[in-house]
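Each chain, written out:
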Amino acid sequence: MNPNMYRSTLVPLNNNLVTSLTLALLLLVGSSCRVTKPSHYFETLTKDTTISGFVTNDFESKIRKGDMLTINVTSLSIEEDVMFNKGAAAAGTAAGYLVRPDGTVLLHRLGYVPVEGLTRKELAQKLQKDLLAYMKEPIVNVGYLNHKVTVIGEVGKPGIVEMPEEQMPLLDVLVLSGDIQPNAKRNRVMIIRDKGTEKQVKYVNLQDHSLFTSAWYYSQPNDIIYVLADTEKEAKEAKKVNIQTTMALVASGLSFIFIVIDRLTR
């Protein structure tokens, strides 16, 4: 039997045909590699605009049991200043004053002072009035040492963000946490907030500029900010990678077959 019989039944393939088929497969692979459109902050914000109704930073938190306070006094009575602040350090802790379970703090000269339910400003005014019997024109500054926001989920650095002020813009908190990651849902960021014995849950959209006029623009003490992962986007990315890998293997395999056939038909 003549072995050339089998070769005669094969259709010759020239190099141009092999190249064309290979390019077609590569284009097919490339069409499955479309880049997912990235999401950005405030996509609804038009160019050169003005936002009205911006939420104001006038929130004043109430002192609660377990808060750690700084209390510093200055007056025209230098000796009393030194005595008060040294005595205050002895009565408090190395870091500050812990509000006791009965809602009081122990202060030099004044003893146990009720502070629970007062704002920092109200407590400062109260102490300035109470200290007039011991000091000349006292000035009192009260601060928080343990106010914080907890950030978890798809951010660069999940963890605790210290809040020295009454409140902090949500964007500042996210920046301090390493910013939101590309695989996160910018349009669905969860905020959990204490309200007495209850917890409020709110989802905010960072792609919508209406956040600037929202009461949730500012983070408050003990907020929990949870940046959710975009699981649908992750699934699409995984599927795209699988398709790309499969198509690449198919393209390589078919190219090899075409080359072999071409060699046999010459």
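Our subject is the structure listed above.
Residues numbered from 1 in each chain as written. Predicted model: local features only at pLDDT ≥ 70, side-chain atom pairs only at ≥ 80, totals over all residues. Heavy atoms only, no water.

1. Some remarks on the overall build of the protein chain
Point 1. Helices and strands together make up the secondary structure of the protein chain, namely six helices and 12 strands.
Point 2. Expressed as a percentage of its 266 residues, the buried residues of the protein chain come to 32%.
Point 3. Considering only contacts in the protein chain between residues 6 or more positions apart, those separated by 24 or more positions represent 68%.
Point 4. Accessible area of the protein chain: about 16,200 Å², with a carbon and sulfur share of 59%. (Helix = DSSP H or I, 4+ residues; strand = E, 2+ residues; numbered from the N terminus. Buried < 20%, exposed > 50% of the residue type's maximum accessible area, 1.4 Å probe, protein only. Contact = heavy atoms within 4.5 Å. Areas by Shrake-Rupley, 256 points an atom, 1.4 Å probe, with all protein chains shown as cover.)

2. Comments concerning unusual backbone geometry
Point 1. A positive phi angle is found at Glu137, which is not glycine, with a value near 50°.
Point 2. With respect to the element layout, Glu137 can be found in the loop between helix H4 (120-130) and strand S5 (139-144).
Point 3. Relative accessible area serves as the criterion here: at 53%, Glu137 is assigned to the exposed category.
Point 4. The backbone of Asp179 shows a phi angle near 70°, a positive value even though the residue is not glycine.
Point 5. Tracing the backbone through its elements, the reader meets Asp179 in the loop between helix H5 (170-176) and strand S9 (184-195).
Point 6. By relative accessible area, which is 29% here, Asp179 ends up partly exposed.

3. Section: the pattern of salt bridges
Oppositely charged side chains may form a pair once their charged atoms are brought near each other.
Point 1. Overall, the coordinates contain eight salt bridges when judged by the stated rule.
Point 2. Between Arg100 and Asp102 there is a salt bridge whose closest N-O contact spans 3.6 Å.
Point 3. Lys199 is paired through a salt bridge with Asp194; the nearest N and O atoms lie 2.4 Å apart. (Salt bridge = Lys/Arg side-chain N within 4 Å of Asp/Glu carboxyl O.)

4. Observations regarding the sheet that holds strand S12 (residues 224-229)
Point 1. With mixed pairing, five strands are arranged side by side in an open sheet as S7-S6-S12-S9-S10. Single-partner strands in this sheet number two, and they are strand S7 (159-162) and strand S10 (198-204). Neighbour to neighbour, the strand axes of the sheet diverge by 20° on average, direction disregarded.
Point 2. For strand S6 (residues 148-153) and S12, the ladder comprises four bridges, and the chain directions are parallel. Bridge pairing links Ile152 to Tyr226 in S12. (Pairing = 2+ DSSP bridges. Axes fitted to C-alpha atoms, helices over the stretch in contact; angles between N-to-C directions.)

5. Side note on the environment of Leu107
Point 1. Mapped onto the secondary structure, Leu107 falls in strand S3 (residues 104-107).
Point 2. Owing to a relative accessible area of 4%, Leu107 belongs among the buried residues under this scheme.
Point 3. It is 8.9 Å that separates the C-alpha atoms of Leu107 and Tyr97, two residues lying 10 residues apart in sequence.

6. Some remarks on the nonpolar core
Inside soluble globular proteins, nonpolar side chains tend to come together where they are buried.
Point 1. If you look at the biggest cluster of nonpolar residues, it comprises 24 residues, and the most contacted ones within it are Leu174, Val204, Leu206, Ile225 and Val227.
Point 2. The set of elements that each furnish at least two residues to this core consists of S6, H5, S9 and S12.
Point 3. Non-local contacts of Val204, meaning those with residues more than four positions away in its chain, are made with Leu170, Arg186, Asn187, Arg188, Val189, Ile191, Leu211 and Trp216.
Point 4. Counting residues in hydrophobic clusters, the runner-up holds 19 residues, among them Tyr97, Leu127, Val142 and Tyr144. (Core = buried A, V, L, I, M, F, W, Y, C linked by side-chain atoms within 4.5 Å.)

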